[in-house]
Structures are given as C-alpha cells and as structure tokens.
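Breakdown of the fold
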Amino acid sequence: MVHDIRSKFKAILITTKDTISVAEYNHKNGILGIWGFASDQSPKSSTKAHWYTFMGIETPIHVGAELLAKRLDMNVVFLKTEKIKRGYYEGTIELMTEDAKSIPNFEISEAFIRKLEAQIYEAPEYYLWTHKRWKHKKED
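Every value quoted in this text rests on a predicted model; they were computed, and no experiment measured them. (Residues numbered from 1 in each chain as written. Predicted model: local features only at pLDDT ≥ 70, side-chain atom pairs only at ≥ 80, totals over all residues. Heavy atoms only, no water.)

1. Quick look at helix α4 (residues 107-122)
As a reminder, the rule being used: Each helix is a run of DSSP H or I of at least 4 residues and each strand a run of E of at least 2, with the numbering of both proceeding from the N terminus. For a helix, the expected span equals 1.5 Å multiplied by the residue count minus one. Throughout this description, buried means an accessible area under 20% of the type-specific maximum (1.4 Å probe, protein chains only), exposed means over 50%, and partly exposed covers the range between.
With 16 residues, α4 extends 23 Å from end C-alpha to end C-alpha; this agrees with the ideal 22 Å at 1.5 Å per step. Regarding α4, the residues found buried are Ile108, Ser109, Glu110, Ala111, Ile113, Leu116, Glu117, Gln119 and Ile120.

In structure tokens:
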C-alpha cells in the first residue's frame with residue numbers, strides 16, 4: 001500500500017543500498033530526475049556520523065544527500081511543506097545551491113537542518129515527534 005501511494009505519480013522508489021549505484025547510472029547515462037531524501041531518523045552509525053545541534057540537542061545528522069550532490073554535481077533544494085487544510089498540503093521548493101561542490105563539507109546538511117527547524121517552529125503540531133532523532137548520544 002505504501003509503495004502504491006508513493007509511486008502514484010510515476011515516482012520510482014529505490015532502497016537506500018541502491019541509491020548510489022542508481023544515481024551514478026542515471027548520471028552516466030544522462031537520465032535526469034529529481035531525487036528526494038527522507039532524513040527523518042537518526043543515521044545508523046552514530047560513531048561515524050556528523051554531529052550538529054537540532055532543536056537544541058546535539059545529534060547525528062544525515063549527510064548522504066549532500067555527499068551525493070557533490071559527487072554527481074547536483075543542485076540541492078529544500079521542500080518546504082505547509083498544511084493548507086485537512087488532507088491538503090502545499091510544497092515550495094527553495095534552492096539551497098546550484099554548486100554543491102564549492103560548499104565546504106557538511107554546510108549544506110547543516111543549512112538543511114536549520115531550514116527544517118524553522119519549518120517546525122512555524123507549525124510544530126505537524127512535525128512527527130515520534131521520530132527517533134535523539135536516540136544516540138555523542139561519546140566524548
């Protein structure tokens with residue numbers, strides 16, 4: 001059911017483990033697309049993660065989308081979503097960079113977190129607070 005809902009508009013869903021190979025294949029063969037990354041959970045390995053403050057708590061954050069954008073020279077955008085009324089949402093695409101390679105490592109991911117925080121502060125009731133963002137603690 002989830003797969004059917006998410007592929008309703010001809011979106012192709014791929015697993016996390018296939019992301020790099022599919023993205024590189026598409027890049028090599030000139031296949032254009034829009035890549036969407038859900039970064040709503042904690043990264044699997046907190047020991048190798050990049051740590052940043054999210055909602056006042058130091059937490060590991062996802063940087064895979066940034067690294068892939070740099071590797072394949074992709075533009076990076078933020079999809080800001082707002083609830084209009086029950087069952088209706090509006091998305092606004094905000095350009096973060098057209099030149100990911102020129103931005104120092106992790107600055108795009110940190111800017112994403114700041115945009116996400118701003119969106120949450122505007123309407124905290126729509127953020128899924130059950131996400132496990134804070135399950136890892138940084139070891140000194």
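2. Notes on helix α2 (residues 19-28)
Definition in use: Think of it as the arc spanned by the lines of direction from the helix axis to the C-beta atoms. Note on contacts: a residue pair is in contact if any heavy atoms of the two residues lie within 4.5 Å.
Among the residues of α2, those classed as buried are Thr19, Ala23 and Asn26. Looking straight down α2, one finds that the buried residues subtend no more than 65° of arc, so they occupy a single side. Along α2, the residues that are exposed and aim more than 90 degrees away from the buried face are Tyr25 and Lys28. Residues of α2 that are buried in the fold lie against α3 (64-71).

3. Quick notes on the pattern of salt bridges
For the record, the criterion: The term salt bridge refers to a side-chain nitrogen of Lys or Arg lying within 4 Å of a carboxyl oxygen of Asp or Glu.
This structure, assessed with the given rule, holds four salt bridges. A salt bridge links Glu94 to Lys115; the nearest nitrogen and oxygen atoms lie 2.9 Å apart. Remark: Lys115 occurs in helix α4 and Glu94 occurs in strand β4 (residues 88-97); sequence separation between them is 21 residues.

4. Here's the deal with the confidence of the model for the protein chain
Which entries qualify depends on this criterion: Per residue, pLDDT captures the predictor's confidence, and it can take any value from 0 to 100.
Residues of the protein chain with pLDDT of at least 70 account for 93%, and the chain-wide mean is 86. Mean pLDDT across the elements of the protein chain bottoms out in helix α1 (residues 2-6) (74) and peaks in β4 (95).

5. Digging into the nonpolar core
The condition is simple: Side-chain atoms within 4.5 Å are what join buried Ala, Val, Leu, Ile, Met, Phe, Trp, Tyr and Cys residues into a set we call a nonpolar core.
One finds Tyr52, Phe54, Met55, Ile61, Val63, Phe78, Ile113, Leu116, Ile120 and Tyr127 forming the largest nonpolar core, which totals ten residues. Within the residue set of this core, elements represented by two or more residues are β1 (50-54) and α4. Setting aside chain neighbours within four positions, we find Phe54 in contact with Thr59, Ile113, Leu116, Glu117, Ile120, Tyr127, Arg133 and Trp134.

6. Side note on a nonpolar patch on the surface
So the rule is basically this: Here, patches come from residues exposed beyond 30% relative accessible area and free of salt bridges, joined within 9 Å for like charges and within 5 Å for nonpolar side chains (Val, Leu, Ile, Met, Phe, Trp, Tyr). With residues, only the protein chains shown are counted as cover, and all accessible areas are computed by Shrake-Rupley using a 1.4 Å probe.
On the surface, a cluster of nonpolar side chains totalling about 400 Å² of accessible area is made up of Val77, Leu79, Ile93 and Leu95. Those elements giving two or more residues to the nonpolar patch turn out to be β3 (76-85) and β4.

7. Description of the packing of aromatic side chains
The test is simple: Two rings belonging to Phe, Tyr or Trp (six-membered ring only in the last case) form a pair when the distance between their centres is within 6.5 Å. Interplanar angles under 30 degrees mark stacking, angles over 60 mark edge-to-face geometry, and anything in between is tilted. Remark: a charge is flagged as sitting over a ring if the NZ atom of Lys or the CZ atom of Arg is within 6 Å of the ring centre and within 35 degrees of the ring normal.
Summed over all chains, the structure comprises one aromatic pair. In this structure, Lys85 is placed above the aromatic ring of Tyr88, and the distance from its NZ or CZ to the ring centre is 4.6 Å.

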